[in-house]
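Secondary and tertiary structure notes
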Amino acid sequence: MAGIKALISLSFGGAVGLMFLMLGCALPQYNQYWPLFVLFFYILSPIPYCIARRLVDDTDATSNACKELAIFLTTGIVVSAFGLPIVFARAELIYWGACALVLTGNTVIFATILGFFLVFGSNDDFSWQQW
Amino acid sequence: MSGFLESLRCSECVDWGEKRNTIASVAAGVLFFTGWWIIIDAAVKYPEVEDFNHSYHACGVIATLAFLMINAVSNGQVRGDSYSEGCLGQTGARIWLFIGFMMAFGSLIASMWILFGGYVVKEKAVVYPGIAVFFQNAFIFFGGLVFKFGRTEDLWQ
């Protein structure tokens, strides 16, 4: 276990990120709930890498096409989570201020997810029982 | 909080040579998906057919297909020194890669044609969709190149 402190910091980061997202939706001068669609991308983002780690667990090879495909898809999901609020703002569905808040929330959430993988992901004895 | 920062001291435990494949995958992902979001943005801003003819989307679709074809075969299969032959063999892999690259170059050239022939020459008031088509295909093309050639297949370095 890498530590309770890391877990608490990561959960704080997640709460702050979601707070920014909700501020971007719920502030009275914005009051548009379209940005909640980025939650879909938040949930989708860890999935490719987790699937790749379960499918191919050869720790000998330093290059691994399945993991690289997973990283490619994950990057795409992250880019989409940033692109969607910008397209919403350009289409004038939401204000640019709300867009800025949502993008800030995105940054914090994805930093949290990355931190989760860095802190809790690298297990040398990666066993199936952990899942 | 005293032990927290010690686990963050990681700048000397990252071997950037080893991370080349990861960096190439991330860069390719950013390029490819930014291209698609540019065209989504143009399609949202200009829904009318006079501003943005919907058939111009075919260019990006062919570019994406070319990206998938190019990256479906590994360099080892084309050179003939991979462990498994694949279902096409070495010659089949070469033809597949050839067709993939032809489609990639073709879609890039077509996007330039669309920009200049469809927007610049006709002196349309709204040029942004033409620029968006060009940048979409350019980004997808370079994303494909980075994903194909930015990664190394040397398993032991």
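The residue numbering used here restarts from 1 in each chain and proceeds along that chain's sequence as written. Lettering for chains starts from A, numbering for ligands starts from 1, and both go in the order in which the items are written. Reporting in this predicted model follows two pLDDT cut-offs: at least 70 for local features of residues, and 80 or more for side-chain atom pairs to be given and counted; totals over whole chains, interfaces and linings ignore these cut-offs and use all residues. Excluded from the side-chain calculations are hydrogens and water; all other atoms, namely the structure's heavy atoms, are used.

**Considerations on the environment of Tyr95(A)**
All names here are of chain A. Spelled out, the test is: Numbering of helices and strands runs from the N terminus, with a helix taken as a DSSP run of H or I at least four residues long and a strand as a DSSP run of E at least two residues long. Here's how the labels work: a residue is buried when its accessible area is under 20% of the maximum for its type, exposed when over 50%, partly exposed in between, all with a 1.4 Å probe on protein chains only. Residues are treated as being in contact if the distance between any of their heavy atoms lies within 4.5 Å.
Tracing the sequence through the fold places Tyr95 in the loop between helix H4 (65-90) and helix H5 (96-121). Judged by relative accessible area, Tyr95 falls into the exposed class, the value being 52%. The sequence separation of Tyr95 and Tyr30 amounts to 65 residues, and the corresponding C-alpha distance is 6.5 Å. Residues contacting Tyr95, with those up to four places away along its chain left out, are Gln29, Tyr30 and Ala89.

**Re the UniProt feature "transmembrane region" (unreviewed entry) in chain A**
All names here are of chain A. Here is the rule: UniProt positions are given in the numbering used here, feature names are shortened, and annotations may be inferred rather than shown by experiment.
Feature annotation in UniProt assigns "transmembrane region" (unreviewed entry) to the following positions: residues 7-30, 36-56, 68-88 and 94-120. Counted over residues 7-30, helix gives 83% and strand 0%. Its end C-alpha atoms are 33 Å apart. For the annotated span residues 36-56, helix accounts for 76% and strand for 0% of the residues, and the straight-line distance between the end C-alpha atoms is 34 Å.

**Remarks on the packing of helix H4 (residues 89-120) of chain B against helix H5 (residues 128-149) of chain B**
Residues and elements named next belong to chain B. The line we're drawing: Only the stretch in contact is used when a helix axis is fitted, and all axes are lines through C-alpha atoms; the angle between N-to-C directions ranges over 0 to 180 degrees. Roughly parallel here means an angle under 35 degrees, roughly antiparallel means over 145, roughly perpendicular means 65 to 115, and every remaining angle is called oblique. Left-handed describes a crossing in which the near helix is turned anticlockwise from the far one by less than a right angle; the clockwise case is right-handed. Gly counts as polar in this scheme, as do all residues outside two lists: the nonpolar Ala, Val, Leu, Ile, Met, Phe, Trp, Tyr, Cys and Pro, and the charged Asp, Glu, Lys and Arg.
Where H4 meets H5, the closest approach of the two axes is 8 Å, and the angle between their N-to-C directions is 160 degrees. Between H4 and H5, the crossing angle belongs to the class labelled roughly antiparallel. Between H4 and H5 the crossing geometry is left-handed. Along the contact surface, H4 presents Leu97, Phe101, Ala104, Phe105, Ser107, Leu108, Ser111, Met112, Ile114, Leu115 and Tyr119, while H5 presents Pro129, Gly130, Ile131, Val133, Phe134, Asn137, Ala138, Phe141, Leu145, Lys148 and Phe149. In the contact of H4 with H5, the residues fall into 17 nonpolar, four polar and one charged.

**Examining the interface of chain A and chain B**
Note: interface size is frequently given as the accessible area lost on complex formation between the parts. Threshold: Two parts placed together each lose some accessible area; with a 1.4 Å probe, that loss summed over both constitutes the buried area. Salt bridges are defined as contacts in which a side-chain nitrogen from Lys or Arg sits within 4 Å of a carboxyl oxygen from Asp or Glu. Any pair of nitrogen or oxygen atoms within 3.5 Å is treated as a polar contact; in protein, a donor-acceptor pairing is required on top of that, and neighbouring residues in sequence qualify only through side-chain atoms on both sides.
If you look at the interface, chain A gives 20 residues, while chain B gives 25 residues. Buried area between chain A and chain B, both sides added, is near 2000 Å², and the carbon and sulfur share of it is 68%. If you look at where chain A meets chain B, you find two salt bridges. Between Asp41(B) and Arg90(A) there is a salt bridge, with the nearest N and O atoms lying 2.8 Å from each other. Counting across the chain A and chain B interface gives five residue pairs in polar contact (both at pLDDT 80 or more). For the side of chain A that touches chain B, the secondary structure elements donating two or more residues are helix H1 (4-26) and H4 of chain A. For the side of chain A that touches chain B, the leading source of residues is H4(A), giving 13 residues. Counted by class, the side of chain A that touches chain B contains ten nonpolar, seven polar and three charged residues.

**Details of the nonpolar core**
Counted only if it meets this: The nonpolar core is taken to be a set of buried Ala, Val, Leu, Ile, Met, Phe, Trp, Tyr and Cys residues, with the residues joined through side-chain atoms within 4.5 Å.
Val38(A), Tyr42(A), Phe72(A), Leu84(A), Ile94(A) and Phe32(B) are the most contacted members of the largest nonpolar core, which totals 28 residues. Contributions of two or more residues to this core are made by helix H2 (38-44), H4 and H5 of chain A together with helix H1 (20-45), helix H2 (57-72) and H5 of chain B. Here this core takes eight residues from H4(A), the largest share from any one element. Among residues more than four places away in sequence, those in contact with Tyr42(A) are Leu18(A), Leu21(A), Val102(A), Gly105(A), Asn106(A), Ile109(A), Phe110(A) and Ile113(A). Core analysis: the second largest hydrophobic core is formed by eleven residues, Ala66(B), Val73(B), Leu97(B) and Ala104(B) among them.

**A closer look at the packing of H4(A) against H5(A)**
All names here are of chain A. Following both chains from N to C, one finds H4 and H5 inclined at 175 degrees, their axes separated by 9 Å at the closest point. It follows that H4 is roughly antiparallel to H5 by the angle criterion. Of the residues in H5, those in contact with Val78, Ala81, Phe82, Pro85, Ile86, Ala89 and Arg90 of H4 are Trp96, Cys99, Val102, Leu103, Asn106, Thr107 and Phe110. Of the residues belonging to the contact of H4 with H5, the class tally is eleven nonpolar, two polar and one charged.

**Quick look at the packing of aromatic side chains**
Residues and elements named next belong to chain B. Let me state the cut-off plainly: Between rings of Phe, Tyr and Trp, where Trp is taken as its six-membered ring, a pair exists when centres lie within 6.5 Å; planes separated by under 30 degrees are stacked, by over 60 edge-to-face, and by other angles tilted.
All told, the structure shown has 24 aromatic pairs over all chains when counted by the stated rule. Between Phe101 and Phe149 the ring centres are 6.2 Å apart and the planes differ by 20 degrees, which places this aromatic pair in the stacked class. Of the two residues, Phe101 sits in helix H4 while Phe149 sits in helix H5, which places them 48 residues apart along the sequence. Here Phe135 and Phe139 contribute two aromatic rings whose centre-to-centre distance is 6.1 Å and whose plane-to-plane angle is 80 degrees, an arrangement assigned as edge-to-face.

**What about H4(A)?**
Using the following cut-off: A helix is expected to span 1.5 Å for every residue after the first.
With 26 residues, H4(A) extends 37 Å from end C-alpha to end C-alpha; this agrees with the ideal 38 Å at 1.5 Å per step. Looking at the residues trailing H4(A), positive phi occurs at Glu92(A), about 60 degrees.

**Let's talk about the UniProt feature "transmembrane region" (unreviewed entry) in chain B**
All names here are of chain B. Within this numbering scheme, the UniProt entry marks residues 21-40, 55-74, 95-120 and 126-147 as carrying the feature "transmembrane region" (unreviewed entry). Taken end to end, residues 21-40 has its terminal C-alpha atoms 29 Å apart, with 100% of it in helix and 0% in strand. With 100% helix and 0% strand, residues 95-120 has its two end C-alpha atoms placed 36 Å apart.

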